[in-house]
Amino acid sequence: RMKSAKYPLIHAYLLFCLSLSLLPSVLVLLASFQRGNSLLAGFQGLSLSNYQRLLSETPFLRWMLNTLLVSATAAVVALLVTTLAGYAFARLRFP
């Protein structure tokens, strides 16, 4: 068994790793709400204008539907192939 003194160190390390892994996603999310065109211009306030522009000037919903269709098709094909392979491994003898 581990001594209880090691648990805080392990938890601190895990929290550090979690924050490092989440940091890029948080920065991208914050950048998406930033006003202006440049990320390098500094903080200019938060706004939903980027999302309004995305939905009004691009076929974003169509892109999302295409992504959903391709992903669902790939998942169904993978499920069918692996199911058939599992059946073959269970029923047939391989050298």
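Please read these numbers as outputs of a predicted model, since none were measured by experiment. (Residues numbered from 1 in each chain as written. Predicted model: local features only at pLDDT ≥ 70, side-chain atom pairs only at ≥ 80, totals over all residues. Heavy atoms only, no water.)

### Looking at the overall build of the protein
Assigned secondary structure in the protein consists of three helices and zero strands. In the protein, the succession of α and β elements from N to C terminus is α-α-α. Computed over the C-alpha atoms, the radius of gyration of the protein is 24 Å, more than 25% above the 12 Å expected from 2.2 N^0.38 for a compact globule of 95 residues. Looking at the protein as a whole, 4% of its 95 residues qualify as buried. Accessible surface, the protein as shown: approximately 8,700 Å² in total, 72% of it carbon and sulfur. (Helix = DSSP H or I, 4+ residues; strand = E, 2+ residues; numbered from the N terminus. Rg over C-alpha atoms; globule rule 2.2 N^0.38 Å. Buried < 20%, exposed > 50% of the residue type's maximum accessible area, 1.4 Å probe, protein only. Areas by Shrake-Rupley, 256 points an atom, 1.4 Å probe, with all protein chains shown as cover.)

### A short note on the pattern of salt bridges
Considering all chains together, one arrives at one salt bridge under this definition. Put simply, Glu57 and Arg53 hold a salt bridge, and the shortest N to O gap is 3.6 Å. Remark: Arg53 and Glu57 occur in helix 2 (residues 49–57); sequence separation between them is four residues, near one turn of the helix. When its relative accessible area of 45% is taken as the criterion, Arg53 is described as partly exposed. (Salt bridge = Lys/Arg side-chain N within 4 Å of Asp/Glu carboxyl O.)

### Considerations on helix 1 (residues 6–32)
End to end, helix 1 covers 40 Å across 27 residues, agreeing with the expected 39 Å (1.5 Å per residue, within 8%). Taken as a whole, helix 1 carries its principal kink of about 35° at Leu22; the proline Pro24 stands between one and four residues after it. (Expected span 1.5 Å × (residues − 1). Bend = angle between axes of the 7 residues up to and from the residue.)

### Topic: the environment of Pro8
Structurally, the position occupied by Pro8 is in helix 1. Each C-alpha atom, one on Pro8 and one on Leu54, is 44 Å from the other, the two residues being 46 residues apart in sequence.

### What about the side chain of Ser32?
Here Ser32 is to be found in helix 1. A polar side-chain atom of Ser32 sits 2.7 Å from a polar atom in the side chain of Tyr51. Excluding residues within four positions of it along the chain, Ser32 makes contact with Ser47, Asn50 and Tyr51. (Polar contact = N/O pair within 3.5 Å; in protein donor to acceptor, adjacent residues only side chain to side chain. Contact = heavy atoms within 4.5 Å.)

### Regarding the environment of Leu18
One can find Leu18 in helix 1. Put simply, Leu18 and Ser56 are 38 residues apart on the chain and 35 Å apart in space, counted from C-alpha to C-alpha.

### Quick notes on the confidence of the model for the protein
Mean pLDDT over the protein stands at 90; residues scoring 70 or higher make up 94%. Predicted confidence in the protein is weakest over helix 2, with a mean pLDDT of 92, and strongest over helix 3 (residues 60–91), with 97. (pLDDT = per-residue confidence, 0-100.)

### Section: the side chain of Ser47
Note that Ser47 resides in the loop between helix 1 and helix 2. Of the polar contacts made by the side chain of Ser47, one reaches the backbone nitrogen of Ser49; its length is 3.0 Å. Not counting residues up to four positions away in its chain, the partners in contact with Ser47 are Ser32, Phe33 and Arg35.

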